[in-house]
Amino acid sequence: MQSGTARHRNLVCFAAFAAITMLSAAPARADFCMQLNGGSFSGDLGFFRFQGRLPTAPGAMVALHGRAAGLDPVFGAATVPTDGSYVELGATFFIDATEGQFDVTFFPPGAKNGSGYADYGTYDVNQSVTAKIVHCGLEPVRAAHALLRKPR
């Protein structure tokens, strides 16, 4: 038979182990990623990661928030018309302090390949691009901009 102290220690160890197991089993946040190609877009410049899931239900509208080129902000909206025939993504982004926009469509909403128009460096969407939903593990890794220091 164990003493009260030993039982208490075993109970605390079991509770800690159970808590760690439960926390490590929590599902990761669901994100989706897209690669644009064509015009100014390829490689890092065409990679976008968005929080949440791409909508597929008829009439769905969701706000898009995420990163462009691995580090910089992108925001916009994704909508599915009430007939559910396609999903359209429109967003504005800033990469290295230069603005860009895109408007791409996927037919039908669950498709992995789409097309549309985009531009980088001007306020317009006049470059034809292709869009592909890709694995988020392909996201580019970029270091944050170095902080400017005042000379001493």
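Draft legend 1. Up close: the sheet that holds strand β8 (residues 127–134). With antiparallel pairing, the 8 strands of this closed barrel are ordered in space as β1-β2-β3-β4-β5-β6-β7-β8. Pairs of neighbouring strands in the sheet enclose a mean axial angle of 30°, with direction left out of account. In this sheet, β8 lies alongside strand β1 (residues 31–37) in antiparallel orientation, the contact comprising 5 bridges. Opposite Asn-37, over in β8, you have Thr-130 as the bridge partner.

Draft legend 2. Representation of the state of the cysteines within the structure. If you walk through the whole model with that rule in mind, you get 1 disulfide. Across a sulfur-sulfur distance of 2.1 Å, Cys-33 and Cys-136 are joined as a disulfide pair. Of note, the bridge from Cys-33 to Cys-136 carries an S-S torsion of about 115° and is right-handed in sense. With Cys-33 in strand β1 and Cys-136 in the segment after β8, this pair connects stretches of sequence that are 103 residues apart. Overall, the relative accessible area of 16% leaves Cys-136 in the buried class.

Rules used throughout
Residues numbered from 1 in each chain as written. Predicted model: local features only at pLDDT ≥ 70, side-chain atom pairs only at ≥ 80, totals over all residues. Heavy atoms only, no water. Pairing = 2+ DSSP bridges. Helix = DSSP H or I, 4+ residues; strand = E, 2+ residues; numbered from the N terminus. Axes fitted to C-alpha atoms, helices over the stretch in contact; angles between N-to-C directions. Disulfide = S-S within 2.5 Å. Buried < 20%, exposed > 50% of the residue type's maximum accessible area, 1.4 Å probe, protein only.

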